[in-house]
Amino acid sequence: MAGQPHIVGLGGSLAERSTSLAALRLALAGAEQEDATTDVFSIRDLDLPLYDVGLVAPPQIERLCDAIESCQGMIWSSPLYHGSVSGAFKNAIDWLQQLTKRDVPYLYGKVVGLVATAGGVQGLNVINTMEFCVRGLRAYAVPLVLPISQAYQAFDAAGNVTDEGVGSQLSRLGVEVCRAARQVAENGTCDYAEQAQVT
């Protein structure tokens, strides 16, 4: 539906208390404020085997691929592990190879918002890695990105945001993904696609 885009969130970690999952939920809530519908897929709940091209995709991957196929945009959120995305997050991205079997392969034409949570101040490394993956999957990364430094200070043990600035930025990212996704739904393209063609 053009006026009500669907946004799928993918992220978190294998940890029971995940700042990256808490951040993802806040960004999706920002999209919902703009009348988007959302789904969230937690890395911990997905509980995926290591990707192997010879394996039959588990049911949870088929559910994820179904949701992605019907969405106009996504938000990804990964913690920083040793200078990059977590292995569990990258494994989930690798499983998106299953999307090659769909009528529209990979994430072709979709927009993706990027969030990273870091214990230190190197979260941009995660953003850069995820952006390469977005391009590899034929989607467009939203230029507004959110690397959250010292994320343990921004969220409490229950996953509630304690830093109003971080909460506001996450909400803004959700709004921006929704705006671009609405363009995709209405026009089959978005600002980022047009910019990419010009440059």
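Refer to the structure printed above.
Residues numbered from 1 in each chain as written. Predicted model: local features only at pLDDT ≥ 70, side-chain atom pairs only at ≥ 80, totals over all residues. Heavy atoms only, no water.

Draft legend 1. Helix α3 (residues 59-70), seen in detail. Given a rise of 1.5 Å per residue, 12 residues ought to cover 16 Å, and the 17 Å separating the end C-alpha atoms of α3 matches this to within 8%. Restricting attention to buried positions, one finds in α3 the residues Q60, I61, L64, C65, A67 and I68. Down the axis of α3, the sector holding all buried residues measures 160 degrees, keeping them to one side. Exposed side of α3, more than 90 degrees from the buried face: P59 and R63 are the residues found there. For α3, the secondary structure elements touched by its buried residues are β1 (6-11), β2 (37-42), α2 (43-46), β3 (73-81) and α4 (87-95). (Helix = DSSP H or I, 4+ residues; strand = E, 2+ residues; numbered from the N terminus. Expected span 1.5 Å × (residues − 1). Buried < 20%, exposed > 50% of the residue type's maximum accessible area, 1.4 Å probe, protein only. Arc of directions from axis to C-beta. Contact = heavy atoms within 4.5 Å.)

Draft legend 2. Here's a closer look at the environment of V115. Checked against the element boundaries, V115 lands in strand β5 (residues 111-117). Taking the C-alpha atoms as reference, V115 lies 9.8 Å from L21; in sequence the two are 94 residues apart. Setting aside chain neighbours within four positions, we find V115 in contact with A23, I75, W76, S77, S78, I127, M130, L146, I148, L170 and L173.

Draft legend 3. Focus on the packing of aromatic side chains. Overall, the coordinates contain 2 aromatic pairs when judged by the stated rule. Summarising the aromatic geometry, the rings of Y51 and W95 are spaced 5.0 Å apart at their centres and angled 85 degrees between planes, so their arrangement reads as edge-to-face. Of this pair, Y51 sits in the loop between α2 and α3 while W95 is found in helix α4, placing the two residues 44 residues apart along the sequence. Overall, the relative accessible area of 26% leaves Y51 in the partly exposed class. Plain terms: the ring middles of W76 and F89 are 5.8 Å apart, the flat faces sit at 70 degrees to each other, and that makes the pair edge-to-face. One end of the pair, W76, is in strand β3; the other, F89, is in helix α4, and 13 residues separate them in sequence. We classify W76 as buried; its relative accessible area is 0%. F89 gets classed as buried once you look at its relative accessible area, which sits at 1%. (Phe/Tyr/Trp six-rings, centres within 6.5 Å; stacked < 30°, edge-to-face > 60°.)

These figures capture arrangement, not role.
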